[in-house]
Amino acid sequence: MILINGQWQGGGNKDTFQAAQILKDHLSRSNPVVTAPVCTNEDLIEKERIIGLDELTQQIQAALQILQKEKPTHLMTVGGGCDADTASLAYMNALYQGDLTVIWMDAHGDINSPNESDSHLYYGMPIRALLGECPPISDLLPLPLQPEQLILFGCRDLDQTEKNYISENQITLIPVLEDPGELEKQLTDLIQTKKNRHLYIHLDLDVLDPHEFPHTPLPAPGTGFSAEAILSALHSLKQHNDLVGTGVFEFKYTGSIPAFLKNALDILCV
Ligand SMILES: NC(=[NH2+])NCCC[C@H](N)C(=O)O
């Protein structure tokens, strides 16, 4: 199943909402798609240290209801901001009863709690919500992830609070690597140590190098992965694992859909 989820409130601007509409048009030419309802009201109010909490809560509940009704065993979520698969990932984790490794490809950590976040924007918190530590959003989710299920991939712009949390909880992190052979080896070894039978890949487009792929609302400083390295990693991950869930987030439309993104969507369509 393909779920289009234009949730944008996490980043506080509608770039990613517009991108979801564009990607929906592109994908729905050759695939059936289901669209999650998204509020368009721009007056976002901060509650419990989360901007737009009311809208986010409504949308996450609505997306969960769709998934619990449709019961997909394989799911691609297309955002939207990088928090647009909160419901999807929680649903998949419950469906596979925690027997799921999650590779979170992102230049940012997305692992702040509401108290730690400087921005109070939910796009910096979705992993923490999935780990069960971002009330009241985590209270909506069926089964929390465990830190051991996670592989953070390509993070290069971490807040100090995120660095602390990652090291205290011994969360696995793969840095930006130049050598494709080394990358593939690290991924294979890490997935093996996790011992889970199913794989979920979350792709935030800002993991790419911003010189090569600037089409994202919050490009991170420093060198990111090349498009070639990401495509080859996605190919190999799909070939060697039971890939049940995927997601693509943080696209900013600047007049066309880049070839990289079309290719990534083809591979990640499970
Ligand atoms: N995937 C993203 N674009 N994440 C942005 C997070 C930025 C920052 N760390 C925050 O907590 O607000």
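Residues numbered from 1 in each chain as written. Predicted model: local features only at pLDDT ≥ 70, side-chain atom pairs only at ≥ 80, totals over all residues. Heavy atoms only, no water.

Per an unreviewed UniProt entry, the recorded name for the protein chain is Arginase, and the organism is Catenisphaera adipataccumulans.

Visitor: I'd like to hear about the overall build of the protein chain, residue by residue, with values.
Guide: A count of helices and strands for the protein chain gives 8 helices and 10 strands. For the protein chain, the spread of C-alpha atoms along the principal axes amounts to about 45 × 45 × 35 Å. Put simply, the protein chain has 270 residues, and 56% of those count as buried. Long-range pairs, those at least 24 residues apart, make up 72% of the contacts in the protein chain between residues at least 6 apart in sequence. On the protein chain, roughly 11,100 Å² of surface is accessible, and the fraction owed to carbon and sulfur atoms is 48%. (Helix = DSSP H or I, 4+ residues; strand = E, 2+ residues; numbered from the N terminus. Buried < 20%, exposed > 50% of the residue type's maximum accessible area, 1.4 Å probe, protein only. Contact = heavy atoms within 4.5 Å. Areas by Shrake-Rupley, 256 points an atom, 1.4 Å probe, with all protein chains shown as cover.)

Visitor: Requested: an account of the sheet that holds strand S10 (residues 243-249), with residues and values cited.
Guide: In space, the 8 strands of this open sheet follow the order S2-S1-S5-S10-S9-S6-S7-S8, with parallel pairing throughout. Every interior strand has two partners, whereas the edge strands, strand S2 (34-35) and strand S8 (172-174), have only one. Contacting strand S5 (75-79), strand S9 (198-204) and S10, helix H8 (residues 259-268) crosses the sheet at an angle of about 155° to S10. (Pairing = 2+ DSSP bridges. Axes fitted to C-alpha atoms, helices over the stretch in contact; angles between N-to-C directions.)

Visitor: I'd like a rundown of the pattern of salt bridges, residues and numbers included.
Guide: Counted according to the given criterion, the structure contains 8 salt bridges. Notably, a salt bridge pairs aspartate 15 with lysine 252, separated by 3.8 Å at the nearest N-O pair. Placement of aspartate 15 in helix H1 (residues 15-28) and of lysine 252 in the loop between S10 and H8 is noted, with a sequence separation of 237 residues between them. Given a relative accessible area of 24%, aspartate 15 falls into the partly exposed group. Here glutamate 70 and lysine 69 are joined by a salt bridge, their closest N and O atoms 4.0 Å apart. Overall, the relative accessible area of 66% leaves lysine 69 in the exposed class. (Salt bridge = Lys/Arg side-chain N within 4 Å of Asp/Glu carboxyl O.)

Visitor: Go over the nonpolar core, please, and point to the residues and values.
Guide: In terms of nonpolar packing, the biggest core is built from 43 residues, with Phe153, Leu203 and Phe260 touching the most fellow members. For this core, the element with the highest residue contribution is helix H7 (residues 227-240), accounting for 7 residues. Every residue in contact with phenylalanine 153, bar those within four places of it in the chain, is listed here: Ile103, Trp104, Met105, Asp106, Ile174, Leu183, Leu187, Val207, Phe225 and Ile230. Ranked by size, the runner-up nonpolar core spans 40 residues in total, among them Ile66, Val102, Trp104 and Ile166. (Core = buried A, V, L, I, M, F, W, Y, C linked by side-chain atoms within 4.5 Å.)

Visitor: Give a description of the packing of aromatic side chains that names residues and reports values.
Guide: A full pass over the atoms with the stated rule returns 3 aromatic pairs. Between phenylalanine 153 and phenylalanine 225 the ring centres are 4.7 Å apart and the planes differ by 25°, which places this aromatic pair in the stacked class. Within this pair, whereas phenylalanine 153 is found in strand S7 (residues 150-153), its partner phenylalanine 225 is found in the loop between S9 and H7, the two being separated by 72 residues in sequence. Across this residue pair, the class does not change: phenylalanine 153 and phenylalanine 225 are buried. Judged by centre distance (5.7 Å) and plane angle (70°), the rings of phenylalanine 213 and phenylalanine 260 are edge-to-face. Within this pair, whereas phenylalanine 213 is found in the loop between S9 and H7, its partner phenylalanine 260 is found in helix H8, the two being separated by 47 residues in sequence. On the basis of relative accessibility, which here comes to 3%, the residue phenylalanine 213 falls in the buried class. Its end group placed over the ring of tryptophan 8, lysine 14 keeps NZ or CZ at 5.3 Å from the ring centre. (Phe/Tyr/Trp six-rings, centres within 6.5 Å; stacked < 30°, edge-to-face > 60°. Lys NZ or Arg CZ within 6 Å of the ring centre and 35° of its normal.)

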